[in-house]
Amino acid sequence: MADSPTIMVFDSGLGGLTVLREVVAARPDAHFVYVADDAFFPYGHHGEDEIIARVVPLMGELIAAHDPDLVVIACNTASTLVMTHLRAAYSVPFVGTVPAIKPACAQSKTKRVSVLGTKGTVKREYTKALIRDFAQGCEVTLVGSPELASLAEAALSGNAISDDDILTELKPCFVGDPTDTRARTDTVVLACTHYPLLLERFAKLAPWPVDWIDPAPAIARRVSDLLGPRVSEIVQSGAEMIFTSRRAHTLGPALTPFFGGRVPA
Ligand code: DGL
């Protein structure tokens, strides 16, 4: 791959930016195309068949239009369903984002882990299989949040989000005796790429301190390994941002940090 590689990062909305920023840091030589399928947001409110029927043909159009060297599905709600369909349909390499249950359970000392995702992600057979295979003796609590992804989008767009609204969705993650550090949740998996956008608020509102597991750095390492060595003479390549609703993006200064300072076209 002599030219700057093109990496496409796909999500239902702006949550995939939390994966993008790690991939951008790992691969400054790449050209980035970020796609927010906001016309179909939130994925967490759609049925499994609907998501497959939406994402698989849309990905074909995006691949034809942008010719990426690699695609990151930066969405747990989609990745827990569509990866085998995408790999069967298209030859470009895909990297998915799925709940980081294995590392979370490996590091939990109290053996109480919560998985915070969309209602869709926590219902998936894929997620249940991860728990069967990798719980390593932990009690895993699945917490399906109906609204957090939308709250995160609103916060990134500069709207005020109340502590109460966040805490209502967060609270079920905290299980066990609050006064006993050895018998309460100590690890929470951020199983939706939107949630790291609210991480500071989560940490402030949490009833007690926990470790929050964000898989984005591991995804960035995987992307970099698959692409091979960096194109050394390229210091920084460009970026594009696409909304499937075709709305113009008005989030300029809020977005550029996720693109490593690039101004997305
Ligand atoms: N960002 C997506 C995820 O990681 C989901 C948000 C949505 O419901 O569309 O699951």
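Structure: above.
I will try to describe carefully the structure that is included in this document. Predicted, not measured: the structure shown is a model, and the values here were computed from it.

**As for the overall build of the chain**
In terms of helices and strands, the chain carries 11 helices and nine strands. Taking 265 residues into account, the globule formula puts the C-alpha radius of gyration at 18 Å, and the chain, at 18 Å, falls close to it. The buried share among the 265 residues of the chain stands at 53%. Considering only contacts in the chain between residues 6 or more positions apart, those separated by 24 or more positions represent 76%. Working note: accessible area of the chain is about 11,600 Å², and carbon and sulfur atoms make up 53% of it. Of the charged side chains in the chain, 24 are positive and 30 negative; the average position of the first set lies 5 Å away from that of the second.

**Some thoughts on unusual backbone geometry**
The step from Phe41 to Pro42 runs through a cis peptide bond, and the omega angle for that step is -5°. Inspection of the secondary structure assignment puts Pro42 in the loop between β2 (31–36) and α2 (48–66). Phi at Asp67 is positive, roughly 45°, even though this residue is not glycine. Residue Asp67 is classed as exposed on the basis of its relative accessible area, which comes to 60%. Positive phi outside glycine occurs at Lys111, with the angle close to 65°.

**So, the site of the ligand**
In the vicinity of the ligand, 14 residues are found, and the nearest of them are Ser12, Tyr43, Thr77, Thr193 and His194. The separation between an oxygen atom of the ligand and a polar main-chain atom of Gly44 is 2.8 Å. Contact between the ligand and His194: a nitrogen atom at 2.8 Å from a side-chain N or O atom of the residue. Its atoms largely coinciding with the cavity grid, the ligand occupies the largest cavity.

**Some thoughts on the nonpolar core**
In terms of nonpolar packing, the biggest core is built from 29 residues, with Ile7, Leu17, Leu20, Val72, Val223 and Phe259 touching the most fellow members. Among the secondary structure elements, those contributing two or more residues to this core are β1 (6–11), α1 (17–26), β2, β3 (70–73), α10 (216–227) and β9 (239–243). A per-element tally of this core places α1 first, with six residues. Look past the residues within four positions of Val72 in its chain and what remains in contact with it is Ile7, Met8, Val9, Phe10, Val19, Val95, Ile219 and Val223. The next biggest cluster of nonpolar side chains, apart from the first, holds 24 residues, and it includes Val33, Val35, Ile52 and Met83.

**Concerning empty space enclosed by the protein**
Tallied over the entire structure, the rule returns one cavity of 30 Å³ or more. By volume, the largest cavity is sized at about 120 Å³. Lining the largest cavity we find 20 residues, and of these Gly44, Thr77, Thr118, Ala149 and Cys192 sit closest to its centre. Residue assignment for the lining of the largest cavity shows that the elements contributing at least two residues are α3 (76–89) and α7 (148–156). Ranked by residues supplied to the lining of the largest cavity, first place goes to α7 with three residues.

**Remarks on the sheet that holds β1**
Within the open sheet, the five strands sit side by side as β4-β3-β1-β2-β9. Their pairing is parallel. Looking at strand neighbours, the two that pair on one side only are β4 (94–95) and β9, the edges of this open sheet. For β3 and β4, the ladder comprises two bridges, and the chain directions are parallel. Its bridge partner lying in β4, Val71 is registered against Phe94. Against the sheet, α1 makes contact with β1, β2 and β3, and its axis sits at roughly 175° relative to β2, the strand it touches most.

**So, the environment of Thr77**
With respect to the secondary-structure elements, Thr77 resides in helix α3. Among the residues examined, Thr77 registers a relative accessible area of 3% and is labelled buried. Spatially, the C-alpha atoms of Thr77 and Lys119 are 8.6 Å apart, while their sequence positions differ by 42 residues. Look past the residues within four positions of Thr77 in its chain and what remains in contact with it is Tyr43, Gly44, Ile51, Thr118, Thr121 and Arg124. At 3.3 Å, the side chain of Thr77 and the side chain of Thr121 are in polar contact.

Each value, and the rule that gives it
Residues numbered from 1 in each chain as written. Predicted model: local features only at pLDDT ≥ 70, side-chain atom pairs only at ≥ 80, totals over all residues. Heavy atoms only, no water. Helix = DSSP H or I, 4+ residues; strand = E, 2+ residues; numbered from the N terminus. Rg over C-alpha atoms; globule rule 2.2 N^0.38 Å. Buried < 20%, exposed > 50% of the residue type's maximum accessible area, 1.4 Å probe, protein only. Contact = heavy atoms within 4.5 Å. Areas by Shrake-Rupley, 256 points an atom, 1.4 Å probe, with all protein chains shown as cover. Lys, Arg positive; Asp, Glu negative; His and termini not counted. Charge placed at Lys NZ, Arg CZ, Asp CG, Glu CD. Near = heavy atom within 4 Å. Polar contact = N/O pair within 3.5 Å; in protein donor to acceptor, adjacent residues only side chain to side chain. 1 Å grid on protein atoms, 1.4 Å probe; cavity = no way out; pocket = protein on both sides within 12 Å on 5 of 7 lines; lining within 4 Å. Sits in = over half its atoms within 2 Å of the grid points. Core = buried A, V, L, I, M, F, W, Y, C linked by side-chain atoms within 4.5 Å. Points joined across faces, edges and corners; volume = space filled by probe spheres on them. Pairing = 2+ DSSP bridges. Axes fitted to C-alpha atoms, helices over the stretch in contact; angles between N-to-C directions.

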